[in-house]
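# Chain and residue survey
One letter stands for each residue in the lines below.
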Amino acid sequence: TKQPVRVAVTGAAGQIGYSLLFRIASGDMLGKDQPVILQLLEITPALKALNGVVMELRDCAFPLLADIVTSDDPMVAFKDADYALLVGAMPRKAGMERGDLLGANGGIFKPQGEALNAVASRDVKVLVVGNPANTNALIAQQNAPDLDPKQFTAMVRLDHNRAISQLAEKTGKPVSSIKNLTIWGNHSSTQYPDLSQATVDGQPALDQVDRDWYEQQYISTVAKRGAAIIEARGLSSAASAASAAIDHMRDWALGTPEGEWVSMGIPSDGSYGIPEGLIYGFPVTCKNGKYEIVQGLPVSDFSRGKMDATAQELTEERDEVRKLGLV
Ligand code: NAX
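Before going into details, it helps to say that this report is about the structure given with it.

The next point concerns the layout of surface pockets. The rolling of a water-molecule-sized probe over the atoms marks out the regions of remaining empty space. Estimated volume of the second largest pocket: approximately 360 Å³. Taken together, 21 residues form the lining of the second largest pocket, with Arg-157, His-160, Asn-161, Ile-164 and Ile-178 sitting closest to its centre. Elements with a contribution of two residues or more to the lining of the second largest pocket: helix 6 (157–171), strand 7 (178–179), helix 8 (225–233) and helix 9 (239–254). The leading source of residues in the lining of the second largest pocket is helix 6, at 7 residues. Among the residues forming the lining of the second largest pocket, the class breakdown is 9 nonpolar, 5 polar and 7 charged.

Of the two faces of strand 5 (residues 125–128), the one carrying Lys-125 and Leu-127 and the one carrying Val-126 and Val-128 are both buried. One ladder, built from 4 bridges, connects strand 4 (residues 83–86) with strand 5; its direction is parallel. For Leu-85, the partnering residue across the bridge sits in strand 5 and is Leu-127. Once the chain exits strand 4 it traverses helix 4 (residues 98–119) before rejoining the sheet at strand 5, and the crossover so formed is right-handed. Pairing of strand 5 with strand 6 (residues 152–154), which is carried by 3 bridges, proceeds in the parallel orientation. Its bridge partner being in strand 6, Val-128 is matched across the sheet by Ala-154. What joins strand 5 to strand 6 is helix 5 (residues 133–142), and the crossover it makes is right-handed.

Under the counting rule described, the total for this entry stands at 15 salt bridges. The salt bridge partner of Arg-23 is Asp-28, with a shortest N-O separation of 2.6 Å. Arg-23 sits in the partly exposed class, given a relative accessible area of 25%. The salt bridge involving Arg-162 is made with Asp-159; its shortest N-O contact spans 3.7 Å. Placement of both Arg-162 and Asp-159 in helix 6 is noted, with a separation of 3 residues, approximately one turn of the helix. Neither Arg-162 nor Asp-159 differs from the other in exposure class; each is buried. Residues participating in the shared-partner salt-bridge network are Arg-157, Asp-247, Arg-250 and Asp-251.

Criteria and cut-off values
Residues numbered from 1 in each chain as written. Predicted model: local features only at pLDDT ≥ 70, side-chain atom pairs only at ≥ 80, totals over all residues. Heavy atoms only, no water. 1 Å grid on protein atoms, 1.4 Å probe; cavity = no way out; pocket = protein on both sides within 12 Å on 5 of 7 lines; lining within 4 Å. Points joined across faces, edges and corners; volume = space filled by probe spheres on them. Helix = DSSP H or I, 4+ residues; strand = E, 2+ residues; numbered from the N terminus. Nonpolar A, V, L, I, M, F, W, Y, C, P; charged D, E, K, R; others polar. Buried < 20%, exposed > 50% of the residue type's maximum accessible area, 1.4 Å probe, protein only. Pairing = 2+ DSSP bridges. Right-handed = clockwise from strand over helix to strand, strands pointing away. Salt bridge = Lys/Arg side-chain N within 4 Å of Asp/Glu carboxyl O.

Rendered as C-alpha cells:
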C-alpha cells in the first residue's frame, strides 16, 4: 500500500471546502489507492466551525483518510505539503476598487507563499482557487523564490467544465463527446472560452453551432455563469468549484487522456505571444506530474483579440500588485 500524501487546503471551513474535503478524502482527487493526510488552514474565528467539519470527515470513516491536521498558522498547515489548494480569499465587497481587492488578498497570499517556500514539500503542487485566482497565484508564487514557478497554478477548470456543459446542451450531445476546448486567460469576465479546436463526436464544434450564437451568446454565458448561479442560489458556486479543483489536481497529478487537453492557469512562457510570467489559462496536457502547453494551434484574428484582451487585464493586475509591493 502507498504512503499517505499531505494535502493542504485553506479556507477549509468555507462553502467550497465543505464539498472539496470529502471528495479528496474519498479518493476522487489522487486515486482510490492513495491515502491522504488533510492539513486544513482557517482563520482563528473559523476554527470552531472547522472542527465541526473535521467531526463530519471522521464520521465518514473514509478508508483513505489517514489523518487530519487543523491550524490557523500556514507554517503548520503547509508543513511538508505535497499538494496545496488555496481556497480561502478575501471576497470583493461593495465599493471595493480592484486595487483594494488585490491589496487585501496580498495580505493572505504573500504570507502563504512565504510559508509554502519555507515548509512545503519541494515538489508541492499549488492550485489557487480563491479570487482573483490568477493574480493571487502570482503573488504566492513570487513570494516563494525557492520553489519552481511552474508549481503555482490557478483554476480555470470550472470555466472549462462550464464551457463543455453549455456546448453539450446546445448540440444535444453528451459531455463525454466533447474534446479540446480551451479557456484562455483570466478567471474573470474577460476569459476566452475558445471552440476553434473543439470537437463534438470527433467533428469540429464550430460546424455544429451557429457562429453568431458562439460569438454573441456562448462566450458571455460561460463567462457570466458564476453570476447566474449566485442569482439563482443566493450563494456562489461551491460544489461545482470543488469538483473543478478535483479535476485540475487529478489531471495534473495523474495525467490527461492521450490526445486530449484541459485548461489550466499557469505561468506563461511566452507561448502564443502571451507576456511571460502572467498566470494565464492555456491548453495543457499532463504526464508524470508535469504539465505542458499544447503548441502550434492556429490562432484566428477573432481569437487573437480575445486572448490579448484577457492578457491585458492580467498585465494590469500585475502592475497593480507590483505597485503594492506584493510581487
Ligand atoms: P467562503 O467564504 O464560503 O469560504 C472561504 C473561507 O476562507 C472562509 O471559511 C474563511 O474563513 C476562509 N479564509 C479567509 N481568509 C483566510 C486565510 N487567510 N487563511 C485561511 N482561510 C481563510 O467562500 P467559498 O465559496 O468557499 O469560495 C472561496 C473562494 O473561491 C472565493 O475567493 C471565491 O471567489 C473563489 N471561487 C473561485 C472560483 C474559480 O473558478 N477560480 C469559482 C468558485 C469561487 O467563487
